[in-house]
Amino acid sequence: MVCPGSFDPVTNGHLDIFTRAAEQFDRVIILVTGNPAKKSGLFSVDERKELIADVTSHLPNVTVDHWAGLLVDYTTAHRVTALVKGLRSSLDYDYEQPMAQMNRRLSGVDTFFVMTDEKFGYVSSSLCKEVVKYGGDITGLVPDVVLAAMKQKFRAQ
Ligand code: PNS
């Protein structure tokens, strides 16, 4: 099973979905993918992968990879038949529905949606970046190692 996303950076909302996916599926590949709508990221793809590997190191059936092309080309090449995505709200549903249907049409891959834990319903990578950039406190919304990396990035900018 593949959990695709930008993960710039990974949040505790993502981590909750990875953990729950790892309980339901034998093998979880967290795939850092390109999103044409999101041009430049705070973290490089390698940095995102490192942070995800770090915060999922306690989950033995989870691995991390990246892919710059069409998601379905990756899933077909790796014989993956399922995608897992978190859903926070109807906004996410409206965003995800066409992608799930397009991906299924293109390759037959099915998308499974996991309802986000109520604690993380308002958490997004972009909102976390904005709050940290202007000095706000997001302790508990991202893993500590991610928060430290974000602060370092913004200090360096
Ligand atoms: O975390 P995001 O940015 O909302 O995730 C969106 C993502 C990366 C999963 C989506 O943009 C994607 O699948 N990108 C890979 C390129 C692709 O396959 N595009 C067609 C999707 S139907």
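A brief look at the structure comes next. Quick caveat: nothing in here was measured; it's all calculated off a predicted structure. (Residues numbered from 1 in each chain as written. Predicted model: local features only at pLDDT ≥ 70, side-chain atom pairs only at ≥ 80, totals over all residues. Heavy atoms only, no water.)

### Quick notes on helix α2 (residues 45-55)
Here's step 1: Within α2, the full set of buried residues consists of Arg-48, Leu-51, Ile-52 and Val-55. Seen end-on, α2 carries its buried residues on one side only, within an arc spanning 100 degrees.
Here's step 2: Considering only its buried residues, α2 is in contact with α1 (12-24), β2 (28-33), β3 (62-67) and α6 (144-156). (Buried < 20%, exposed > 50% of the residue type's maximum accessible area, 1.4 Å probe, protein only. Helix = DSSP H or I, 4+ residues; strand = E, 2+ residues; numbered from the N terminus. Arc of directions from axis to C-beta. Contact = heavy atoms within 4.5 Å.)

### With respect to the packing of helix α5 (residues 125-133) against α6
Here's step 1: Look at α5 against α6: their axes get within 10 Å of each other, and the N-to-C directions meet at 55 degrees. As judged from the angle between their axes, α5 and α6 are oblique. Taken as a pair, α5 and α6 cross one another with a handedness that is right-handed. For the pair α5 and α6, contact is made by Cys-128, Lys-129, Val-132 and Lys-133 and by Leu-147, Met-150, Lys-151 and Phe-154, respectively.
Here's step 2: Considered class by class, the residues forming the contact of α5 with α6 number five nonpolar, no polar and three charged. (Axes fitted to C-alpha atoms, helices over the stretch in contact; angles between N-to-C directions. Parallel < 35°, antiparallel > 145°, perpendicular 65-115°, else oblique. Left-handed = near helix turned anticlockwise from the far one by under 90°. Nonpolar A, V, L, I, M, F, W, Y, C, P; charged D, E, K, R; others polar.)

### Looking at the environment of Val-109
Here's step 1: Relative to the assigned elements, Val-109 resides in the loop between α4 (90-107) and β5 (110-115).
Here's step 2: Once the C-alpha coordinates of Val-109 and Thr-81 are considered, the two residues, 28 residues apart in sequence, prove to be 4.8 Å apart.
Here's step 3: Ignoring sequence-local partners within four residues, the contact set of Val-109 consists of Val-72, Thr-75, Val-80, Thr-81, Ala-82, Leu-83, Asn-103 and Arg-104.

### A short note on the pattern of salt bridges
Here's step 1: Going through the model one piece at a time under the given rule, you end up with eight salt bridges.
Here's step 2: Arg-48 is the partner of Asp-8 in a salt bridge, and the nearest nitrogen-oxygen pair spans 3.5 Å. Taken together, the residues Asp-8 in the loop between β1 (2-5) and α1 and Arg-48 in helix α2 connect sequence positions 40 residues apart.
Here's step 3: Relative accessible area serves as the criterion here: at 5%, Asp-8 is assigned to the buried category.
Here's step 4: With a relative accessible area of 11%, Arg-48 lands in the buried category.
Here's step 5: For Lys-129, the salt bridge goes to Asp-8, with nearest N and O atoms at 2.8 Å. Taken as a pair, Lys-129 in helix α5 and Asp-8 in the loop between β1 and α1 lie far apart in primary sequence, 121 residues in all.
Here's step 6: On the accessibility criterion, Lys-129 (19% relative accessible area) is buried. (Salt bridge = Lys/Arg side-chain N within 4 Å of Asp/Glu carboxyl O.)

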